[in-house]
Amino acid sequence: GRTLAIYTSGGDSQGMNSAVRSITRMAIYCGCKVYLIFEGYEGMIEGGDFIKEATWNTVSDIIQQGGTIIGSARSAAFRTREGRLKAAYNLLTRGIGRLVCIGGDGSLTGANQFRLDWTDLVKELLAGGQVTEAQAKKIPYIQIVGLVGSIDNDFCGTDMTIGTDSALQRIISSIDAVVATAQSHQRAFIIEVMGRHCGYLALVAALASEADFCFIPEWPAPENWRDVLCDKLSQMRSEGQRLNIVIVAEGAIDRDGKPITADDVKNAVKEKLKYDTRVTVLGHVQRGGAPSAFDRLLGCRMGAEAVFALMEMTETDEPCVISIDGNTMVRVPLLKCVERTQAVQKAMAEKDWTTAVMLRGRS
Ligand code: F6P
């Protein structure tokens with residue numbers, strides 16, 4: 001049980017490398033053998049060179065890098081039993097019984113399914129003669145700890161996910177740059193930010209950049225949003241402001257659930273106010289680049305706690321997610337968090353925004 005493996009899965013985020021480094025080093029420090037699995041679940045299924053033992057130095061010089069040095073993938077194969085069987089073979093033959101999954105809710109759900117299937121998968125591998133009795137006996141169960149890496153901050157159960165702070169920094173410095181040119185030309189800028197179905201990045205960026213208006217999925221715009229928006233923008237101009245900044249979350253919608261795009265907003269402003277208006281879509285710039293100090297430390301602290309959790313957990317313990325509660329690292333039940341995160345998505349799809357926002361809270 002002292003052999004663990006680390007993988008990153010789903011979309012990458014800044015600070016994941018810090019977590020990989022911290023888990024690796026804390027585990028080695030505690031006397032564990034550590035493997036890095038490359039390309040997420042795809043690598044776990046492929047085996048071979050995709051699963052490599054890590055040393056203290058393997059993870060040197062990565063804390064300052066964005067992305068994930070061990071690669072990430074969205075794996076369809078792992079959703080099949082056949083894929084999970086191959087993955088089980090690759091873990092059993094290396095004596096890996098502990099996993100740290102750094103990903104989002106989909107990746108963590110996959111990890112839990114794997115854990116539940118484990119006994120059956122091992123039986124099948126034994127019956128087929130692919131693994132020995134000794135190998136099977138060594139790993140009677142697997143245990144999983146999750147860390148949430150996502151710029152969206154869309155996971156229930158933690159105050160912050162790894163990458164959100166860096167994405168915000170990037171958004172804010174981009175908006176500052178846009179403000180300078182907007183001011184010179186007395187323009188309105190519509191800035192689209194990421195966040196899939198979560199308006200956190202848009203809302204916090206709007207607060208921190210002194211934007212005039214913001215569209216987020218959790219607060220669908222009323223039917224007359226064009227009038228409300230233009231009244232506000234022209235009011236700001238009449239008070240002497242030379243520019244306007246409007247932030248649109250990529251998942252922004254109106255009360256009928258119809259998407260509101262940055263172009264829709266631009267067209268409304270041009271039509272009604274005749275302002276010189278431009279759209280800037282920040283895109284993956286928000287997810288790349290160096291992680292902020294906060295995300296580096298978050299990765300470090302969550303990573304260390306993940307190792308402590310794995311070392312203490314027994315067969316009957318429910319898998320957990322390491323989360324930040326205020327300024328403390330805590331362990332929260334993985335399944336509950338995933339269920340709640342999915343309940344938020346369901347409520348949003350059903351246009352029940354009040355429930356979605358209530359559920360999004362941590363506890
Ligand atoms: O979940 C992170 C995120 O960057 C979202 O904000 C965005 O909607 C999505 O991933 C983009 O996905 P992809 O990188 O696959 O285009």
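Only a predicted model underlies this, so the values are computations on that prediction, with no experimental measurement involved.

A.B. asks: Describe the packing of helix H3 (residues 81-92) against helix H4 (residues 105-127), with residues and values.
C.D. replies: Running from amino to carboxyl end, H3 crosses H4 at an angle of 75 degrees, the nearest separation of the two axes being 9 Å. The orientation of H3 with respect to H4, classified from their angle, is roughly perpendicular. Where H3 approaches H4, its residues Arg81, Arg84, Leu85, Ala87, Ala88, Tyr89, Leu91 and Leu92 are matched on the opposing element by Gln113, Phe114, Asp117, Trp118, Asp120, Leu121, Val122, Glu124 and Leu125. Considering only residue class, the contact of H3 with H4 consists of 11 nonpolar, 1 polar and 5 charged.

A.B. asks: Which residues make up the pattern of salt bridges, and what values do they have?
C.D. replies: Within the structure shown, the criterion is met by 10 salt bridges. Its salt-bridge partner being arginine 84, residue aspartate 117 comes within 2.8 Å of it at the nearest N-O pair. Within this pair, whereas aspartate 117 is found in helix H4, its partner arginine 84 is found in helix H3, the two being separated by 33 residues in sequence. Across the pair aspartate 276 and arginine 278 runs a salt bridge whose closest N-O atoms are separated by 2.9 Å. One connected set of salt bridges, linked through shared partners, spans Arg187, Asp276 and Arg278.

A.B. asks: Report on the environment of tyrosine 200, specifying residues and quantitative values.
C.D. replies: Within the fold, tyrosine 200 resides in helix H7 (residues 200-209). With a relative accessible area of 28%, tyrosine 200 lands in the partly exposed category. Each C-alpha atom of the pair tyrosine 200 and alanine 249 lies 8.6 Å from the other, and the pair is 49 residues apart in sequence. Ignoring any residue separated from it by four or fewer positions in sequence, one finds tyrosine 200 in contact with Asp152, Asn153, Met160, Thr164 and Leu168.

A.B. asks: Tell me about unusual backbone geometry, residues and numbers included.
C.D. replies: A positive phi angle, near 45 degrees, is found at arginine 196, a position not held by glycine. With respect to the helices, strands and loops of the structure, arginine 196 is situated in the loop between strand E7 (188-193) and H7. The residue lysine 351 is not glycine, and still its phi comes out positive at about 65 degrees. You can call lysine 351 partly exposed: its relative accessible area is 41%.

A.B. asks: With reference to specific residues and values, describe the UniProt feature "active site" (unreviewed entry) in the protein.
C.D. replies: Within the UniProt annotation, "active site" (unreviewed entry) is assigned to Asp152. Excluding residues within four positions of it along the chain, aspartate 152 makes contact with Thr164, Gly195, Arg196, Cys198 and Tyr200.

A.B. asks: Help me get a handle on the packing of H4 against helix H11 (residues 334-349), residues and values and all.
C.D. replies: Contact geometry of H4 with H11 gives a least axis separation of 10 Å together with a crossing angle of 135 degrees. Considering the angle they form, H4 stands oblique to H11. The handedness of the crossing between H4 and H11 is left-handed. Where H4 abuts H11, its residues Asp105, Leu108, Thr109 and Asn112 lie against Leu334, Leu335, Val338, Thr341, Gln342 and Gln345. Tallied by class, the residues present in the contact of H4 with H11 amount to 4 nonpolar, 5 polar and 1 charged.

A.B. asks: Please provide a residue-by-residue account of the sheet that holds E7, values included.
C.D. replies: Ordered by their spatial adjacency, 4 strands build an open sheet running E8-E9-E7-E10, and the pairing between neighbours is parallel. Of all strands in the sheet, those with a lone pairing partner are strand E8 (213-215) and strand E10 (277-281), marking the two edges. Neighbour-to-neighbour, the strand axes of this sheet turn through a mean angle of 20 degrees, independent of strand direction. Of the strand pairs in this sheet, E7 and E10 are connected by 5 bridges, and their pairing is parallel. Counterpart to isoleucine 190 in the pairing with E10 is valine 279. On top of the sheet, helix H6 (residues 164-185) reaches E7, strand E9 (244-249) and E10; it is set at about 165 degrees to E7, its chief contact.

Criteria and thresholds
- Residue numbers here run from 1 along each chain, matching the order of that chain's written sequence.
- Residue-level local features of this predicted model are given only where pLDDT is at least 70; pairs of side-chain atoms are given and counted only at 80 or more, and the full residue set underlies all totals for whole chains, interfaces and linings.
- Side-chain numbers here rest on the full set of heavy atoms in the structure, without hydrogens or water.
- Helix axes are fitted only over the stretch in contact, all axes being lines through C-alpha atoms; the angle between N-to-C directions runs from 0 to 180 degrees.
- Only DSSP runs of H or I with at least four residues qualify as helices, and only runs of E with at least two residues qualify as strands; both kinds are numbered from the N terminus onward.
- Should an angle fall under 35 degrees it is taken as roughly parallel, and over 145 as roughly antiparallel, whereas 65 to 115 is taken as roughly perpendicular and any remaining angle as oblique.
- Only heavy atoms matter for contacts: two residues are in contact if any of them lie within 4.5 Å across the pair.
- Following the grouping adopted for this structure description, the nonpolar residues are Ala, Val, Leu, Ile, Met, Phe, Trp, Tyr, Cys and Pro, the charged ones are Asp, Glu, Lys and Arg, and the polar ones are all others, Gly among them.
- When a carboxyl oxygen of Asp or Glu lies within 4 Å of a side-chain nitrogen of Lys or Arg, that pair is called a salt bridge.
- Each residue's exposure class comes from its accessible area (1.4 Å probe, protein chains only) as a fraction of the maximum for that residue type: buried when under 20%, exposed when over 50%, partly exposed otherwise.
- UniProt positions are given in the numbering used here, feature names are shortened, and annotations may be inferred rather than shown by experiment.
- We call a crossing left-handed when the near helix sits turned anticlockwise from the far one by less than a right angle, and right-handed when that turn is clockwise.
- Two strands qualify as a pair provided DSSP detects at least 2 bridges between them.

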